[in-house]
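Structure assessment
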Amino acid sequence: MRSDHHEAHGEFAPHPLIRDRWSPRALDPDGVVPTEALLRMLTAARWAPSYGNTQPARYLVGPRGTDTFDRILALLVPGNQAWARNAGALLVACAQLENAKGPVPYAEYGVGLATQNLVLQAVAEGLVAHQMAGFDAPGVAAEFGLPGTVRPLTAVAVGVLGSPDLLPEDRRDRETAPRHRIPLSKLAFTQHWDHPFTTG
Ligand SMILES: Cc1cc2nc3c(=O)[nH]c(=O)nc-3n(C[C@H](O)[C@H](O)[C@H](O)COP(=O)(O)O)c2cc1C
């Protein structure tokens, strides 16, 4: 995993799985995502926590070379299509907003938790996973026959990291630019709002 352009994680660097996750666009067009890896990623999603164990996350899964891959790709916005076509698999994470008991509380939160599990398992597999809001959600619902109670939330490109040289120049610069985060002092408070728990 290339990490030279990543901001230093500092004194409190998290687990390597979290440290090494990022959202690259340069994907190896020959990269293979083994079916077993996809199944482990989906199992990681399956074991995510959810409100009352309601398990709202659902996935459309399209390995490259399948009709499902092509249909998801066609529904991405052009800016995402340009790089995501080199993915080894394209997924769409969906929320089951209602079940037999009625509306599912925290359904989108649950899909976020499940999808982060999926993404981190991808990192553990030596793969990369890049989430996208840039796709035609109503188009996905129509194309794949989703029930009205299910909402597509994010597409996920899973692949093998490729060289930034694969990208057009403007994209290449963004790919290799330093990644930034707000400091811990703006994220975690104690005593009252805005009073930093710790500086960082
Ligand atoms: C809900 C969501 C939607 C996103 N949509 C897109 C997208 O449409 N296209 C894209 O290239 N990246 C997209 N991203 C990736 C973010 O830009 C990226 O996660 C963020 O800049 C932080 O960078 P990092 O993931 O490399 O740490 C999305 C991420 C999330 C979580």
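Everything discussed here concerns the structure shown above.
Residues numbered from 1 in each chain as written. Predicted model: local features only at pLDDT ≥ 70, side-chain atom pairs only at ≥ 80, totals over all residues. Heavy atoms only, no water.

Let us look at the overall build of the protein. Looking only at helices and strands, one finds seven helices and six strands in the protein. Helices and strands in the protein line up, N terminus first, as α-α-β-α-α-β-β-β-α-β-α-β-α. A buried classification covers 40% of the 200 residues belonging to the protein. Within the protein, contacts between residues separated by at least 24 positions form 72% of all contacts whose residues are at least 6 apart in sequence. Carbon and sulfur atoms provide 54% of the accessible area of the protein, an area that totals close to 11,100 Å². Each charge sign in the protein was given a centre, from 18 positive and 20 negative side chains, and these centres are 4 Å apart. (Helix = DSSP H or I, 4+ residues; strand = E, 2+ residues; numbered from the N terminus. Buried < 20%, exposed > 50% of the residue type's maximum accessible area, 1.4 Å probe, protein only. Contact = heavy atoms within 4.5 Å. Areas by Shrake-Rupley, 256 points an atom, 1.4 Å probe, with all protein chains shown as cover. Lys, Arg positive; Asp, Glu negative; His and termini not counted. Charge placed at Lys NZ, Arg CZ, Asp CG, Glu CD.)

The next thing to look at is the pairing of strand E6 (residues 150-159). By the criterion of burial, E6 is predominantly enclosed, with eight of the ten residues buried. The pairing of strand E5 (residues 128-132) with E6 spans five bridges and is classified as antiparallel. Within the sheet, the bridge partner assigned to Gln131 lies in E6 and is Val156. (Pairing = 2+ DSSP bridges.)

This next bit is on helix H5 (residues 107-124). In an α-helix, one turn spans 3.6 residues, which is why side chains three or four residues apart end up on the same side. For H5, spanning 18 residues, the distance from its first C-alpha to its last is 26 Å, which sits close to the expected 26 Å at 1.5 Å a residue. Along its buried surface, H5 packs onto helix H1 (16-19), helix H2 (35-46), strand E1 (57-63), strand E2 (89-96), E5 and E6. (Expected span 1.5 Å × (residues − 1).)

The next point concerns the sheet that holds E6. Strand order across the open sheet formed by four strands is E1-E2-E6-E5, with antiparallel pairing between neighbours. What marks the edges here is a single partner per strand, and that holds for E1 and E5. Each neighbouring strand pair of the sheet contributes to a mean axis angle of 25°, computed without reference to strand direction. The strands touched by H5 are E1, E2, E5 and E6; relative to E2, the strand with the most contacts, the crossing angle is about 155°. (Axes fitted to C-alpha atoms, helices over the stretch in contact; angles between N-to-C directions.)

So, on to unusual backbone geometry. With a phi close to 50°, Gln55 is a non-glycine residue in the positive phi region. A positive phi is found at Asp194, a non-glycine position, where the angle reads about 80°. Locating Asp194 in the fold gives a position in the segment after helix H7 (169-176).

Within the secondary structure layout, Asn86 lies in the loop between helix H4 (78-84) and E2. For the pair formed by Asn86 and Leu161, sequence separation is 75 residues and the distance between their alpha carbons is 9.9 Å. When near neighbours in sequence (up to four residues on either side) are disregarded, Asn86 contacts Leu27, Asp28, Pro29 and Arg64.

Side chains that differ in charge, positive against negative, can pair when their charged atoms come close. On inspection of all chains with the given rule, the structure shows five salt bridges. Across the salt bridge formed by Arg40 and Glu125, the nearest N and O atoms sit 2.6 Å from each other. Note that Arg40 is positioned in helix H2 and Glu125 in the loop between H5 and E5, a separation of 85 residues in sequence. With its nearest N and O atoms 2.9 Å apart, the salt bridge here joins Arg71 to Asp67. Pair noted here: Arg71 and Asp67 are both in helix H3 (residues 67-74), with a separation of four residues, about one helical turn. You can call Arg71 partly exposed: its relative accessible area is 24%. Several salt bridges converge on common partners, so that one network encompasses Asp67, Arg71 and Glu143. (Salt bridge = Lys/Arg side-chain N within 4 Å of Asp/Glu carboxyl O.)

The next point concerns the site of the ligand. Near the ligand you find 14 residues, and of these Ser23, Arg25, His130, Arg179 and Arg181 are the closest. The contact in question runs from an oxygen atom of the ligand to an N or O atom on the side chain of Ser23, over 2.5 Å. Between the ligand and Arg179, the relevant distance is 2.5 Å, taken from an oxygen atom to a side-chain nitrogen or oxygen of the residue. Relative to its unbound accessible area of 610 Å², the ligand is 62% covered by the protein chains. The set of elements that each furnish at least two residues to the shell around the ligand consists of H4 and E5. Ranked by residue count, the leading element in the shell around the ligand is E5, at three residues. (Near = heavy atom within 4 Å. Polar contact = N/O pair within 3.5 Å; in protein donor to acceptor, adjacent residues only side chain to side chain.)

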